[in-house]
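Examining the three-dimensional arrangement
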2 protein chains.
Amino acid sequence: MPALTNLDVIALVDSFPYPHDASAYSASLAHLYKFMSHDLKGNLGYVLASTIEKLRVYHPEKLVIDDLDQTISIAPAFDTFEKRTKMMADLALEWRKEGKFEVLKGWREEQYAVYYPSRELYFTFERSACSVLGLVTYGVHIIGYIPATDTAPLRLWVPRRSKTKSTYPGMLDNTVAGGIGYPYGVFDTLIKECGEEAGFDAQLIKERAKSVGSVSYHYLRTAAAGGESGFLQPEVQYTYDLELDESSPKPKPVDGEVEEFYLWDVDTVRQEIAAGNFKPNTALVTIDFLIRHGIITAENEPDFLEIVSRMHRQIEHPLK
Amino acid sequence: MPALTNLDVIALVDSFPYPHDASAYSASLAHLYKFMSHDLKGNLGYVLASTIEKLRVYHPEKLVIDDLDQTISIAPAFDTFEKRTKMMADLALEWRKEGKFEVLKGWREEQYAVYYPSRELYFTFERSACSVLGLVTYGVHIIGYIPATDTAPLRLWVPRRSKTKSTYPGMLDNTVAGGIGYPYGVFDTLIKECGEEAGFDAQLIKERAKSVGSVSYHYLRTAAAGGESGFLQPEVQYTYDLELDESSPKPKPVDGEVEEFYLWDVDTVRQEIAAGNFKPNTALVTIDFLIRHGIITAENEPDFLEIVSRMHRQIEHPLK
């Protein structure tokens with residue numbers, strides 16, 4: 001396989017067309033329904049037309065389908081957080097029982113938060129079912145690194161995912177990454193994941209983890225993500241840097257999700273990204289790291305502006 | 001004046017409506033014409049309907065106006081870089097001579113590059129006239145800072161603009177900032193501006209300036225920018241960090257553009273941003289700095305995601 005450019009890597013993750021790419025965008029939208037709030041005021045996600053057929057049985061009591069407007073909305077009766085969350089939880093359980101969607105084989109028993117345009121919490125929903133409705137999901141990623149010295153280049157801690165994982169087995173990853181389940185906060189999730197995935201002590205993370213921003217992209221799921229291809233998955237990842245040194249604790253596999261941690265110099269990391277060996281969204285987060293650390297610059301990357309802009313995509317749905 | 005939130009500050013700069021805000025967006029577009037390439041393949045900027053009336057005299061020999069499509073395009077005959085650049089240079093000179101537009105009182109005698117959708121150079125144009133046609137412009141901003149120590153907080157070098165400047169007199173600014181004129185590169189411009197505006201030696205900048213990304217926003221000009229209100233000005237700023245220490249050279253006013261440089265702790269900088277004392281786009285660049293340095297985080301800033309996304313806006317026109 002020829003080497004991927006950094007923009008190729010971004011395009012693998014930010015794969016839903018943009019409104020300014022009018023023909024590709026309208027071709028995509030032709031096959032999608034908008035998932036709307038009960039009052040039709042918020043577009044919370046995009047749903048495949050093929051999924052709509054599987055959901056028509058809930059019309060109009062639970063979900064209201066309008067084929068002319070290409071919308072599917074929560075029925076007006078579900079006008080509180082509690083009512084919506086209960087109804088949607090029942091739906092997800094029924095989908096799982098009936099084997100309606102492949103993605104639910106990855107059932108997590110973990111709730112994700114969904115927001116209204118005002119950014120109020122609107123309902124919560126089983127994590128593995130979010131992509132059925134194209135809902136925005138949130139995660140936190142941290143990259144542990146040892147800065148360049150006079151004698152050594154910048155090095156990054158890179159784990160290889162276990163070969164037995166159902167999603168992206170054997171691929172490279174960010175030092176630690178995890179989804180933000182309701183009702184946990186960003187930093188609490190980071191501390192928990194750093195302990196579970198890398199054996200990092202909470203005290204180390206509190207002292208050394210630095211919030212550095214967020215990335216966002218609109219992902220069109222492929223088979224490698226597990227389950228159906230074509231589901232929409234807009235994602236936001238809060239990003240953190242973890243500056244370490246030679247004497248710092250090293251990450252170690254704890255929960256069987258990680259096979260091994262490598263301490264790789266930046267050139268090796270870039271080669272592995274170009275070879276397509278990183279899980280795509282963690283390649284994007286790593287490219288953001290390399291930009292913020294002055295490795296990828298406007299002078300050495302012809303696609304610099306498009307990359308920076310696309311890894312901070314304006315998602316068309318309400319965010320937290 | 002009540003304190004501005006960080007999002008208020010961003011909204012002052014990124015003031016053109018978004019497509020997903022459908023009613024505000026279409027209301028804005030109703031008064032705008034698209035400035036199109038000679039082959040109608042690229043939308044290079046937005047032009048006020050009131051400007052179109054002043055340009056109608058050039059129809060159809062130089063500029064072709066289509067009132068039905070609300071477009072103004074370069075006439076098909078101007079099918080090379082050289083022809084377009086010459087014709088547009090003559091237009092700008094004529095506008096200046098006739099006093100057609102207020103913004104040309106700030107004539108710079110400096111060319112800015114305009115790009116085609118393929119990112120090829122399409123023509124160059126007098127800097128002060130770019131906002132007449134809503135063209136994308138590019139700059140470079142650097143923030144000089146001294147990191148926090150055990151005994152002192154993070155401090156930033158903040159200049160106050162001369163009270164005699166025609167634009168944003170007396171306001172606070174980034175340590176050094178400047179527009180990227182054709183045919184200069186990003187880093188060459190940075191070195192030149194660092195010398196001219198702050199007396200920084202080229203060697204210091206080569207050793208210490210770190211490329212950290214870019215920001216972008218779509219600005220609707222106000223009177224404070226000089227000249228007409230309402231012109232569109234989409235901008236891209238390449239961002240650099242300059243880590244200094246107590247023994248580093250200090251910035252000093254050189255060319256009369258800066259009244260004084262302050263070394264302010266981060267709390268003072270944040271208060272001045274909230275008080276509206278920064279030039280708006282430099283407040284945005286400073287907020288990006290504070291996010292990358294872990295000062296503004298998802299935990300302490302309720303508008304975090306909207307701020308990060310909007311300061312990396314996807315511009316609707318071709319970029320470099």
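Criteria and cut-off values
- Residues numbered from 1 in each chain as written.
- Chains lettered and ligands numbered in written order.
- Predicted model: local features only at pLDDT ≥ 70, side-chain atom pairs only at ≥ 80, totals over all residues.
- Heavy atoms only, no water.
- Buried < 20%, exposed > 50% of the residue type's maximum accessible area, 1.4 Å probe, protein only.
- Helix = DSSP H or I, 4+ residues; strand = E, 2+ residues; numbered from the N terminus.
- Pairing = 2+ DSSP bridges.
- Least-squares fit on C-alpha atoms with pLDDT ≥ 70 in both.
- Contact = heavy atoms within 4.5 Å.

Identification of chain A as NUDIX hydrolase domain-like protein from Myxozyma melibiosi is taken from an unreviewed UniProt entry.

All names here are of chain A. Counting buried positions along strand 7 (residues 137-146) gives ten out of ten residues, so the element sits mostly inside the fold. The pairing of strand 7 with strand 11 (residues 232-243) spans nine bridges and is classified as parallel. Residue glycine 139 lies in a different strand from strand 11, and its bridge partner there is glutamine 237. In this sheet, strand 9 (residues 176-179) lies alongside strand 7 in antiparallel orientation, the contact comprising four bridges.

So, about the relation of the copies chain B and chain A. Under the fitted operation, chain B is carried onto chain A by 0.0 Å of movement along the axis and a turn of 180°, and the coordinates agree to an RMSD of 0.0 Å. As the rotation angle and translation indicate, the two copies are arranged about a two-fold axis. Considering only C-alpha atoms, the residue of chain B closest to the rotation axis is histidine 312 of chain B, which sits at 3.0 Å. A shared binding surface is used by both copies, with 100% of the interface residues of chain B retained as interface residues in chain A.

Turning our attention to the pairing of strand 4 (residues 71-74) of chain A. All names here are of chain A. As judged from the three bridges shared by strand 1 (residues 32-36) and strand 4, these two strands associate in the parallel manner. Its bridge partner lying in strand 4, phenylalanine 35 is registered against isoleucine 72. Both strand 3 (residues 63-66) and strand 4 contribute to a ladder of four bridges, which runs antiparallel. Within strand 4, the residue paired with valine 64 across the bridge is serine 73.

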